[in-house]
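Residues per chain are reported as follows:
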Amino acid sequence: MTSIASLLFGQKLGTPGASASSARGEIAGLLVVLAAVFLLFSLTTNRFLSAETFTSVAFQLPELGLLTLAMLMPLISGGFNLAITYTANMAGLVLAWVLQANGGADAGVAAFVLGVAAALLSGAVIGGVMGVVVAYTGAHPILVSLSMMIFLRGLGEFLTRGGDISGFSSFVVHLGQGTLLGIPIPLLIFIACVAIWTILLKRTRLGFATHMIGSNPEATRYSGVDTHRAIMLVYTLSGVMCAIAGIVMLARFNSVRVGHGESYLLITVLASFLGRVDPFGGFGRVMPVVISLVILQVIASGLNLLGTNQHLATALWGVILIVVMIVRYVWARLQVGSLLLRS
């Protein structure tokens with residue numbers, strides 16, 4: 001039976017999907033869209049091309065990006081994780097409780113390290129529970145993650161009585177609002193996580209198994225892959241990434257509450273689909289999704305500069321998601337038609 005270690009760090013295996021030239025084409029296409037968005041907003045408002053705009057994007061992108069990475073692996077495996085924001089908030093609450101128990105604003109580095117470890121463990125446990133239920137009961141991931149989302153929301157509201165926890169040490173705030181060599185620290189954390197996720201999905205047996213399970217779980221199981229363990233690991237790692245997002249959000253806002261970032265769920269799905277992740281599983285890459293995140297964050301910043309109502313902007317994300325699905329459907333039909341004509 002394949003061990004967890006060999007599944008994570010086994011021999012180098014290729015990722016199924018399109019060729020390298022296709023990958024470069026996807027990235028090039030998204031970069032063209034990003035350039036078009038920059039051009040549009042720079043012509044619309046003269047405040048767009050400014051240091052303040054780029055700084056805003058750099059600080060706002062990481063928390064959304066980390067949650068999108070948490071959504072990515074379940075999506076590629078053919079699953080879903082509706083509980084990402086509440087898992088992040090619960091992990092943030094765990095860190096906050098550890099800090100409060102060790103002096104609050106006077107808590108030291110040792111207390112913070114202990115709190116981070118507890119937050120990561122809580123994220124892993126939440127994700128692991130979902131993974132076990134999905135893998136061993138055959139329950140649909142949407143139903144399992146929805147149940148976990150409701151549970152975490154209710155538990156968090158009960159424990160915090162609907163309020164928030166705030167007031168932490170200055171070095172914690174610096175982690176979320178400071179810079180290192182002129183680069184926002186949250187952005188550096190996000191870049192490191194992107195690198196880890198890229199290696200995990202492209203260079204490990206778990207990444208290979210994740211794509212194969214999304215393509216055909218039965219064939220994957222018959223080929224000798226322990227699909228139960230792989231799915232459990234997918235959701236456990238998703239929970240850990242959620243916990244990292246929760247830690248970053250706590251540090252950036254100097255507070256944490258259960259309902260923070262509820263609107264992020266829609267945007268993580270939108271960024272994944274815009275980045276060519278197959279909604280039925282089996283295909284997806286990290287870099288196109290990251291570029292899609294940058295596009296969406298630039299759009300959000302541009303709309304904010306234009307004074308667009310936040311509710312209208314949220315509605316726009318839904319419209320974009322529908323348009324992306326329609327365009328992908330039409331493009332797939334055109335490709336099928338082209339193949340038939342060639343044959």
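In this text the structure is predicted, and so the values were computed from the model without any measurement. (Residues numbered from 1 in each chain as written. Predicted model: local features only at pLDDT ≥ 70, side-chain atom pairs only at ≥ 80, totals over all residues. Heavy atoms only, no water.)

**Thoughts on the overall build of the protein**
Part 1: A count of helical and extended segments in the protein gives 14 helices and four strands.
Part 2: A compact globule built from 343 residues should have a C-alpha radius of gyration of about 20 Å, and the protein, at 20 Å, falls within 12% of that.
Part 3: Overall size of the protein, expressed as C-alpha extent along the three principal axes, is 70 × 60 × 35 Å.
Part 4: Across the 343 residues that make up the protein, the buried fraction comes to 48%.
Part 5: Accessible surface, the protein as shown: approximately 16,100 Å² in total, 69% of it carbon and sulfur. (Helix = DSSP H or I, 4+ residues; strand = E, 2+ residues; numbered from the N terminus. Rg over C-alpha atoms; globule rule 2.2 N^0.38 Å. Buried < 20%, exposed > 50% of the residue type's maximum accessible area, 1.4 Å probe, protein only. Areas by Shrake-Rupley, 256 points an atom, 1.4 Å probe, with all protein chains shown as cover.)

**What about the pattern of salt bridges?**
Part 1: According to the stated counting rule, one finds four salt bridges in the structure shown.
Part 2: The shortest N-O distance in the salt bridge between Glu-262 and Arg-153 comes to 3.9 Å. You can see Glu-262 sitting in the loop between strand S4 (255–257) and helix H12 (264–274) and its partner Arg-153 sitting in helix H6 (residues 141–160), a full 109 residues away along the chain.
Part 3: A salt bridge links Arg-229 to Asp-226; the shortest N-O distance between them is 3.9 Å.
Part 4: Residue Asp-226 is classed as buried on the basis of its relative accessible area of 17%. (Salt bridge = Lys/Arg side-chain N within 4 Å of Asp/Glu carboxyl O.)

**Quick look at helix H13 (residues 286–305)**
Part 1: Given a rise of 1.5 Å per residue, 20 residues ought to cover 28 Å, and the 29 Å separating the end C-alpha atoms of H13 matches this to within 8%.
Part 2: Most of H13 is tucked away: 16 of the 20 residues are buried.
Part 3: Once H13 ends, the next one or two residues include Gly-307, with phi positive near 75°. (Expected span 1.5 Å × (residues − 1).)

**Let's talk about the packing of aromatic side chains**
Part 1: Applying the stated criterion across every chain, the model contains two aromatic pairs.
Part 2: Consider the rings of Phe-112 and Phe-171, whose centres lie 5.7 Å apart with planes at 90°: the pair is edge-to-face. Here Phe-112 is found in helix H5 (residues 109–137), whereas its partner Phe-171 is found in helix H7 (residues 170–177), with 59 residues between them in sequence.
Part 3: Taking the relative accessible area as the measure of exposure, Phe-112 reaches 13% and is therefore buried.
Part 4: The class for Phe-171 is partly exposed, based on a relative accessible area of 30%.
Part 5: The ring of Tyr-222 has Arg-221 lying over it, and the distance from NZ or CZ to the ring centre is 4.7 Å. (Phe/Tyr/Trp six-rings, centres within 6.5 Å; stacked < 30°, edge-to-face > 60°. Lys NZ or Arg CZ within 6 Å of the ring centre and 35° of its normal.)

**Quick word on the environment of Cys-242**
Part 1: Turning to its location among the elements, Cys-242 is positioned in helix H11 (residues 227–253).
Part 2: Separated by 125 residues in the primary sequence, Cys-242 and Ala-117 have C-alpha atoms spaced 13 Å apart.
Part 3: In contact with Cys-242, other than residues within four places in its own chain, are Ala-70, Ile-84, Thr-87 and Ala-88. (Contact = heavy atoms within 4.5 Å.)

**Observations regarding the nonpolar core**
Part 1: Counting 97 residues, the largest nonpolar core has Phe-190 and Trp-197 as its most contacted members.
Part 2: Among the elements that line this core, the one with the most residues is H11, at 16 residues.
Part 3: In contact with Phe-190, other than residues within four places in its own chain, are Leu-61, Pro-62, Gly-65, Leu-66, Leu-69, Val-290 and Leu-293. (Core = buried A, V, L, I, M, F, W, Y, C linked by side-chain atoms within 4.5 Å.)

**Topic: unusual backbone geometry**
Part 1: Of note, Asn-254 is a non-glycine position whose phi angle comes to about 55°, a positive value.
Part 2: Turning to its location among the elements, Asn-254 is positioned in the loop between H11 and S4.
Part 3: Looking at Asn-254, the relative accessible area reads 24%, which means it is partly exposed.
Part 4: Although it is not a glycine, Arg-276 adopts a positive phi angle of roughly 70°.
Part 5: Structurally, Arg-276 can be placed in the loop between H12 and H13.

**Focus: the confidence of the model for the protein**
Part 1: Of the residues in the protein, 92% reach a pLDDT of 70 or more, and the chain-wide mean stands at 84.
Part 2: Per-element confidence in the protein ranges from a low mean pLDDT of 47 for helix H1 (residues 4–9) to a high of 94 for H5.
Part 3: pLDDT under 50 marks residues 5–19. Its contacts with residues more than four places away, or in other chains, come to 35 contacts. (pLDDT = per-residue confidence, 0-100.)

**Describing the packing of helix H3 (residues 51–76) against H11**
Part 1: Relative orientation of the contacting elements H3 and H11 amounts to 170°, with a least axis distance of 8 Å. Relative to H11, H3 is oriented roughly antiparallel. Each of Phe-59, Gln-60, Glu-63, Leu-66, Leu-67, Leu-69, Ala-70, Met-73 and Pro-74 in H3 lies in contact with H11, whose residues at this interface are Val-234, Tyr-235, Leu-237, Ser-238, Met-241, Cys-242, Ile-244, Ala-245, Val-248, Met-249, Arg-252 and Phe-253.
Part 2: Partitioned by chemical class, the residues of the contact of H3 with H11 number 17 nonpolar, two polar and two charged. (Axes fitted to C-alpha atoms, helices over the stretch in contact; angles between N-to-C directions. Parallel < 35°, antiparallel > 145°, perpendicular 65-115°, else oblique. Nonpolar A, V, L, I, M, F, W, Y, C, P; charged D, E, K, R; others polar.)

**Examining the side chain of Ser-272**
Part 1: Inspection of the secondary structure assignment puts Ser-272 in helix H12.
Part 2: Those residues in contact with Ser-272 that lie beyond four places of it in its chain are Thr-68, Met-71, Leu-75, Val-277 and Val-289.

**A short note on H3**
Part 1: In a regular helix each residue adds 1.5 Å, so 26 residues correspond to 38 Å; H3 covers 36 Å between its end C-alpha atoms and thus fits that length.
Part 2: Considering bend angle alone, the principal kink of H3 is centred on Leu-61 and spans about 35°; proline Pro-62 follows within four residues of it.
Part 3: H3 sits mainly inside the fold: 20 of its 26 residues count as buried.
Part 4: Following H3 by one or two positions, Gly-78 has its phi on the positive side, about 90°. (Bend = angle between axes of the 7 residues up to and from the residue.)

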